[in-house]
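Residue strings, one per chain:
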Amino acid sequence: MIASDSDGTPFRPISLAQLLSVRHCNPHICHAGIGFAICQRLIDEYLTTRSLTSHLVVIPTTRSVKKSQETIDALRRHAREFATTSDILRSRAGPNYDPRSVTKRIHILSVQLDLCNLADVHRAAEQLVNGTVTSPANDNDAYFTSLTDVRIPRLDSVIFNAGMGGWIGLDWPKVFHNIFTKGLVQATTWPTFKAATAGHVVNPLPDVKDEKVPEMGQVFCANVFGHYLFAHKLVPLLSRSESDSSSIPPGRIIWESSIEPEWKNLSLSDFQAIKTNAAYESTKRLTDVLSLTATLPSARPFVSSYLQPAATKSNSPATTPPIIYLVHPGIVQTTLFPLNAFMFFWYRVVLYIARWLGSPWHPITGYNGAVAPVWLALQEQEALDAVNAEHVKWGSSTDWWGECRVKKTEVEG
């Protein structure tokens with residue numbers, strides 16, 4: 001996990017716990033989402049910007065062993081194709097370039113995680129902190145190295161992307177009202193036409209049979225609380241000891257929000273978004289609040305306790321806690337919003353029209369939408385500190401031609 005450049009200078013590999021959005025999705029669909037695209041873009045940008053001897057460890061989480069293996073296989077196919085076809089990698093390595101020398105530096109592991117099952121969240125975190133992870137490879141595969149029972153010494157970044165929308169379709173009267181009163185760009189950037197129903201709850205401890213377990217808001221549990229608990233349990237891997245803090249930057253907790261939430265979406269009387277018809281927007285607004293207020297003086301005592309490993313709360317040596325960042329992917333077309341094939345196609349056309357009309361917030365594809373979270377994961381710590389990155393909501397943006405960039409986002413309130 002800890003590697004160095006060929007000249008001996010310290011190098012910081014990126015170990016990423018990337019949460020794939022797989023709830024209610026089959027593997028093919030999840031491979032078309034933002035989570036999978038983040039993994040793809042992370043591999044591409046890491047290989048083209050880091051040392052030719054450095055290694056990358058990516059740890060996607062899915063809800064089953066089968067989906068984990070399918071995800072590993074798909075990411076390996078992507079890495080192999082990129083290494084074989086990339087002119088940048090070929091020019092960096094010289095005339096004796098061998099794609100296998102590149103892919104053998106990419107290690108894709110996976111653990112299983114259900115964010116709406118809090119016992120499963122504990123188990124997954126325990127596996128990463130104190131257990132082992134395996135990444136099997138075919139013995140005849142010359143492009144990848146098999147890893148068996150690997151201990152994870154540290155995580156450099158965790159990106160909390162997984163979630164659920166709770167939508168059931170389109171509210172057609174609102175579709176036309178949005179377009180004719182706000183214009184196409186505004187209507188497709190901050191839509192209110194996504195139909196949803198209230199009252200979605202989940203049992204967060206389904207294996208507990210002997211006592212009544214209080215139900216939680218399902219969208220709240222999937223989008224906020226599951227991540228919140230998981231991050232706390234991963235703090236030992238994200239923290240840096242006093243001896244390491246001078247050479248290894250702090251870990252990064254990167255919350256992925258949305259461009260859509262407004263102040264009105266979050267009600268403290270409905271904190272778990274059970275009564276509202278905008279549960280997704282409510283939980284994403286809560287994500288904004290939790291992330292952007294983490295460094296405020298009034299919140300600092302509580303955040304410091306949250307980001308402190310349990311073992312260091314007594315007389316253990318001091319540690320450097322991870323830093324919380326906030327990001328959103330812009331407007332990306334995924335299957336998170338339920339549309340039939342016909343509407344899916346025309347919705348994509350409308351999104352492109354919105355971009356051509358001047359919207360900076362329509363990356364549209366998952367790979368374009370991944371530019372901001374990958375930028376936060378790979379950027380040098382000094383560069384992030386120079387722009388006070390933890391105080392900003394960073395968004396994936398594109399120009400008319402689809403060229404990607406990272407852009408600051410206005411947050412209401």
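Quantities reported herein were computed from a predicted structural model and do not represent experimental measurements.

**Quick word on the side chain of Ser68**
Now for step 1: On the secondary structure map, Ser68 appears in helix H3 (residues 65-85).
Now for step 2: Since its relative accessible area comes to 4%, Ser68 is described here as buried.
Now for step 3: Of the polar contacts made by the side chain of Ser68, one reaches the side chain of Gln112; its length is 2.7 Å.
Now for step 4: Dropping the residues within four chain positions of it, Ser68 is found in contact with Thr62, Ser110, Val111 and Gln112.

**Side note on the packing of aromatic side chains**
Now for step 1: In the structure shown here, the tally under the stated rule is 14 aromatic pairs.
Now for step 2: Ring centres 6.3 Å apart and planes at 25 degrees place the aromatic pair Phe225 and Tyr228 in the stacked group. Of the two residues, Phe225 and Tyr228 both sit in helix H9 (residues 218-233), 3 residues apart, roughly one turn of that helix.
Now for step 3: Its relative accessible area of 33% is what places Tyr228 among the partly exposed residues.
Now for step 4: Residues Trp356 and Trp400 carry aromatic rings whose centres are separated by 6.3 Å and whose planes lie at 40 degrees to one another, so their mutual orientation is tilted. With Trp356 in helix H13 (residues 341-356) and Trp400 in the loop between strand E16 (393-398) and strand E17 (404-409), this residue pair connects regions lying 44 residues apart in the sequence.
Now for step 5: Given the relative accessible area of 42%, Trp400 is considered partly exposed.
Now for step 6: Site record: aromatic cluster; members linked through ring pairs are Phe220, Phe225, Tyr228, Phe271 and Tyr306.

**A closer look at the nonpolar core**
Now for step 1: Counting residues in hydrophobic clusters, the biggest one holds 47 residues, and the most contacted among them are Leu128, Ile152, Leu155, Phe230, Leu234 and Ile253.
Now for step 2: When residues of this core are assigned to their parent elements, the largest contribution, 8 residues, is made by H9.
Now for step 3: Ile34, Leu89, Phe144 and Ala372 belong to the second-largest nonpolar core, a separate cluster that totals 38 residues.

**Topic: helix H2 (residues 34-49)**
Now for step 1: Taking 1.5 Å per residue as the helical rise, H2 with its 16 residues ought to reach 22 Å, and the 22 Å between its terminal C-alpha atoms agrees with that figure.
Now for step 2: Here H2 lies mainly inside the structure; 13 of its 16 residues are buried.

**Description of the confidence of the model for the protein**
Now for step 1: Residues at a pLDDT of 70 or more form 90% of the protein, whose mean pLDDT is 89.
Now for step 2: Note on residues 1-32: pLDDT is under 50 here. Beyond four places in sequence and across chains, it has 109 contacts.

**Considering the pattern of salt bridges**
Now for step 1: This structure, assessed with the given rule, holds 12 salt bridges.
Now for step 2: A salt bridge links Arg41 to Glu45; the shortest N-O distance between them is 2.6 Å. Taken as a pair, Arg41 and Glu45 lie in helix H2 at a separation of 4 residues, close to a single helical turn.
Now for step 3: Across the pair Asp98 and Arg100 runs a salt bridge whose closest N-O atoms are separated by 3.2 Å.
Now for step 4: Its relative accessible area of 37% is what places Arg100 among the partly exposed residues.
Now for step 5: Several salt bridges share partner residues, and in doing so they unite Arg154, Asp156 and Arg240 into one network.

**Digging into the state of the cysteines**
Now for step 1: Inspection of every chain in the model, using the stated rule, returns 0 disulfides.
Now for step 2: For Cys221, which is in no disulfide, the shortest distance to another cysteine sulfur is to Cys116 and amounts to 4.4 Å.
Now for step 3: Owing to a relative accessible area of 0%, Cys221 belongs among the buried residues under this scheme.
Now for step 4: In this structure Cys404 is not part of a disulfide, and its nearest cysteine sulfur, from Cys39, lies 17 Å away.

**Here we look at the packing of H9 against helix H11 (residues 279-292)**
The description of two helices packed together rests on the angle between their axes and the distance between the axes.
Now for step 1: Packing of H9 against H11 leaves a shortest axis separation of 9 Å and a crossing angle of 30 degrees. Regarding the angle of H9 to H11, the classification is roughly parallel. Read as a crossing pair, H9 and H11 show a hand that is right-handed. Within the contact between the two elements, H9 uses Val219, Phe220, Asn223 and Val224 and H11 uses Ala279, Tyr280, Thr283, Lys284, Leu286, Thr287 and Leu290.
Now for step 2: Tallied by class, the residues present in the contact of H9 with H11 amount to 7 nonpolar, 3 polar and 1 charged.

**Considerations on the pairing of strand E15 (residues 323-328)**
Now for step 1: Judged by how many residues are buried, E15 sits mostly within the fold: 6 of 6 residues are covered.
Now for step 2: The side-chain alternation of E15 yields two buried faces, one formed by Ile323, Tyr325 and Val327 and the other by Ile324, Leu326 and His328.
Now for step 3: In this structure, E15 lies alongside E16, joined through 3 bridges in parallel fashion. Pairing of Val327 across the sheet is with Trp394, part of E16.

**Description of the packing of helix H6 (residues 118-130) against H9**
Now for step 1: One can describe the packing of H6 onto H9 by two numbers: an axis separation of 9 Å at closest approach and a directional angle of 35 degrees. The way H6 lies across H9 gives a crossing that is right-handed. From H6, Leu118, Val121, His122, Ala124, Ala125, Leu128 and Val129 reach across to H9, where they touch Cys221, Phe225, Gly226, Leu229, Phe230 and Lys233.
Now for step 2: Residue classes in the contact of H6 with H9 are distributed as 10 nonpolar, 2 polar and 1 charged.

**Structural notes on the environment of Thr49**
Now for step 1: With respect to the helices, strands and loops of the structure, Thr49 is situated in helix H2.
Now for step 2: Under the relative-accessibility criterion, Thr49 is labelled partly exposed at 49%.
Now for step 3: With 43 residues separating them along the chain, Thr49 and Arg92 place their C-alpha atoms 10.0 Å apart.

**Side note on the pairing of E16**
Now for step 1: For E16, a buried count of 6 out of 6 residues is recorded, marking the element as mostly surrounded by other parts of the structure.
Now for step 2: Here E16 shows a buried face lined by Lys393, Gly395 and Ser397 and a second buried face lined by Trp394, Ser396 and Thr398.
Now for step 3: Sheet analysis places E16 next to E17, joined by 6 bridges and oriented antiparallel. Paired with Ser396 across the bridge in E17 is Val406.
Now for step 4: Connecting the antiparallel pair E16 and E17 is a turn made up of 5 residues, with Gly402 showing a positive phi of about 90 degrees.

Procedures and definitions
Residues numbered from 1 in each chain as written. Predicted model: local features only at pLDDT ≥ 70, side-chain atom pairs only at ≥ 80, totals over all residues. Heavy atoms only, no water. Helix = DSSP H or I, 4+ residues; strand = E, 2+ residues; numbered from the N terminus. Buried < 20%, exposed > 50% of the residue type's maximum accessible area, 1.4 Å probe, protein only. Polar contact = N/O pair within 3.5 Å; in protein donor to acceptor, adjacent residues only side chain to side chain. Contact = heavy atoms within 4.5 Å. Phe/Tyr/Trp six-rings, centres within 6.5 Å; stacked < 30°, edge-to-face > 60°. Core = buried A, V, L, I, M, F, W, Y, C linked by side-chain atoms within 4.5 Å. Expected span 1.5 Å × (residues − 1). pLDDT = per-residue confidence, 0-100. Salt bridge = Lys/Arg side-chain N within 4 Å of Asp/Glu carboxyl O. Disulfide = S-S within 2.5 Å. Axes fitted to C-alpha atoms, helices over the stretch in contact; angles between N-to-C directions. Parallel < 35°, antiparallel > 145°, perpendicular 65-115°, else oblique. Left-handed = near helix turned anticlockwise from the far one by under 90°. Nonpolar A, V, L, I, M, F, W, Y, C, P; charged D, E, K, R; others polar. Pairing = 2+ DSSP bridges.

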